[in-house]
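Letter by letter, the chains look like this.
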Amino acid sequence: MSKLDDNIAAARGYMARFAADGVMNHIGGENVPAASGETFHTISPVDLKPLAKVARGGAEDIDRAVAAAKAAFPAWSRTPSAERRKILIKVAEAIEARAEEIAFTECMDTGQALRFMSKAAIRGAANFRFFADQAPYAEDGAVTRTPTQMNTTSKRPIGPVGVITPWNTPFMLSTWKIAPALAAGCTVVHKPAEFSPMTAKLLVEIAEEAGLPKGVLNTVNGFGEDAGKRLTEHPDIKAIAFVGESRTGSMIMRQGAETLKRVHFELGGKNPVIVFDDADLEQAVDAAAFMIYSLNGERCTSSSRLLVQAGIYDEVCTRVAEVASRIKVGHPLDPETVVGPLIHPEHEAKVLSYFEAARNEGATIAAGGKKVGDTGCYVAPTLFTNATNDMTIAQEEIFGPVLTAIPFKDEDEALSLANDVQYGLAAYLWTNDLNRAIRMTDNLDAGMMWVNSENIRHLPTPFGGVKASGIGRDGGDWSFDFYMETVNVSFPRAPHKTPKLG
Ligand code: NAD
């Protein structure tokens, strides 16, 4: 048996319980069907076969989950932070203990390749550890003094919060939001993406087995327009942490307006990788290819626009096209696979539609540009050349293994092309000229920039975007700022005269 056969057999074992029991909602520590009894299927993009029936939660289920989160909030928020820390470290350990199950489930449900998903649980556990370790200091603030007053600033958890996540790397992304919320003392209602509900079920189950009290984390499956919408409108939900498309972010802002919801948005991107002719070309090519073809290109920080200085444009494009054509597209559980199937036939159709758009707009397809195989959502790693920045393939987030290469003359043009999109999440810059790197990074519209590097995440640093790419930052203390209210208490330091009126 090959390694792939072994992995498929193991995955079948992990999937069996989902096939038998379905994916239920998890409210107040109990697995429950949707109040309406309705279900929908989650399919595997490997072969489009159903993996499990999923509870189709709606407003009633959200209301129940919010009631559970509200009931659990007083005890959880008052649990000593050292105790919360201990529980969350146990959750991290329990995630690591089930790393293979999480990885294989994620591969089958999302189509992401095992070579990347094998780290999903490790990164999820790292999120829990990082924020657990900060829990004991989460309330801390500053003391500021005037001659007459002493001000003490501190933070307190905001209340039950809603977490709404997308289908790309859902386990890792969910932990990224849920771990700091729990560490801050909030309780959570999580609405996972309808295309990828399975690992959210594992997360809540693992967390409770590790000691998280019932009702602290609740999971309601369902569609955005009903379960998601109700969560964003619920008066007892104090904040919404959302990761997804920019236009969904706008909808959530409207839906949350009535209840003055605090929102944190991590949205789309059309991130440039800018290569100047003085760069280390080999490394720049490897990094550009890695940032668009890893994780199926279904990655908010993917380098989806390759901006190359004119003199090296042909050489860089030739090299990237060679890398793209060598990449193995295949079953996500094959250890050799780099690009697995895209999440769902609907998304595949969207990605394929850009191949037509590229042809119509006059770009050249230098690699890929086609579907692979007859079954499953497989798409070839693609490079468009001879493109201009006004084409839809340069402006819209395609969210697949698809790269658009555009030449530029000089620094000014590189900057104006880079910034001429609605998004501003990440930017990657390749140059060995330090002064140019400073000038460029000072002026690029991006919340995160990497110079001479692919995206390497460090949890204490701020993660988030500008323009249509989002509002707010994750990581470091920024996550706590979102999940907590900052309050100030002022005491007199010395007798003082209060103004007498009347
Ligand atoms: P999406 O916006 O379609 O859905 C995300 C979630 O929102 C899902 O759970 C969905 O059910 C829910 N939703 C949809 N409509 C809703 C509504 N009206 N009210 C409440 N909830 C609603 O996004 P997607 O297609 O699942 O994910 C891909 C997108 O996510 C891409 O744009 C990608 O760039 C973005 N993303 C951003 C980051 C980041 O950190 N900036 C990270 C990952 C993904």
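Treat the numbers as computed from the prediction; the structure is a model and nothing was measured. (Residues numbered from 1 in each chain as written. Predicted model: local features only at pLDDT ≥ 70, side-chain atom pairs only at ≥ 80, totals over all residues. Heavy atoms only, no water.)

*Asks:* Can you help me understand the pairing of strand β4 (residues 50-55) in this one?
*Replies:* When a strand is regular, its side chains alternate between the sheet's two faces. Sheet topology places strand β3 (residues 39-43) next to β4; five bridges connect them, and they run antiparallel. What sits directly across from T39, in β4, is A55. The loop that links β3 with its antiparallel partner β4 comprises six residues; one of these, L48, has a positive phi angle of about 65°. (Pairing = 2+ DSSP bridges. Helix = DSSP H or I, 4+ residues; strand = E, 2+ residues; numbered from the N terminus.)

*Asks:* Even after reading the chapter, I still don't get the pattern of salt bridges, so can you show me in this structure?
*Replies:* Going through the model one piece at a time under the given rule, you end up with 29 salt bridges. Note that E205 is salt-bridged to R17, the shortest N-O span being 2.6 Å. With E205 in helix α8 (residues 198-209) and R17 in helix α1 (residues 3-21), the pair connects residues that are 188 residues apart, well separated along the chain. With a relative accessible area of 14%, E205 lands in the buried category. The partner of R64 in a salt bridge is E60, with the nearest N and O atoms 3.3 Å apart. You can see R64 and its partner E60 sitting in helix α2 (residues 59-78), four residues apart, about one turn around the helix. Using a relative accessible area of 43% as the deciding quantity, one classes R64 as partly exposed. (Salt bridge = Lys/Arg side-chain N within 4 Å of Asp/Glu carboxyl O. Buried < 20%, exposed > 50% of the residue type's maximum accessible area, 1.4 Å probe, protein only.)

*Asks:* Got a minute to help me understand the environment of A380 in this structure?
*Replies:* Inspection of the secondary structure assignment puts A380 in the loop between β14 (364-367) and β15 (382-385). Judged by its relative accessible area of 7%, A380 falls in the buried class. For A380 and M15, which are 365 residues apart along the polypeptide, the C-alpha to C-alpha distance reads 27 Å. Apart from residues lying up to four places away in sequence, A380 is in contact with G368, G369, K370, V372 and P401. (Contact = heavy atoms within 4.5 Å.)

*Asks:* What exactly am I supposed to notice about the layout of surface pockets here?
*Replies:* The space that makes up the largest pocket amounts to roughly 910 Å³. What lines the largest pocket is a set of 34 residues, among which W167, E194, G244, E245 and T248 lie closest to the centre. Breaking the lining of the largest pocket down by element, the ones donating at least two residues are α9 (224-233), β10 (239-243), α10 (246-257) and α13 (345-361). By residue class, the composition of the lining of the largest pocket is 14 nonpolar, ten polar and ten charged. (1 Å grid on protein atoms, 1.4 Å probe; cavity = no way out; pocket = protein on both sides within 12 Å on 5 of 7 lines; lining within 4 Å. Points joined across faces, edges and corners; volume = space filled by probe spheres on them. Nonpolar A, V, L, I, M, F, W, Y, C, P; charged D, E, K, R; others polar.)

*Asks:* Looking at this model, I keep getting lost on the sheet that holds β14. Mind explaining?
*Replies:* What links the strands of a sheet is backbone hydrogen bonding, and the strands pair in either a parallel or an antiparallel sense. Pairing in this open sheet of seven strands is mixed, and the strands run β14-β15-β16-β13-β12-β18-β19 from one edge to the other. Lying at the two open borders of the sheet, with one neighbouring strand each, are β14 and β19 (448-451). Shown here is a sheet whose adjacent strand axes are inclined to one another by a mean of 25°, direction ignored. Sheet topology places strand β12 (residues 272-275) next to strand β18 (residues 426-430); three bridges connect them, and they run parallel. Directly across from V273, in β18, lies its bridge partner Y428. Packed onto the sheet, α13 meets β14, β15 and β16 (402-408) and runs at close to 25° relative to β15. (Axes fitted to C-alpha atoms, helices over the stretch in contact; angles between N-to-C directions.)

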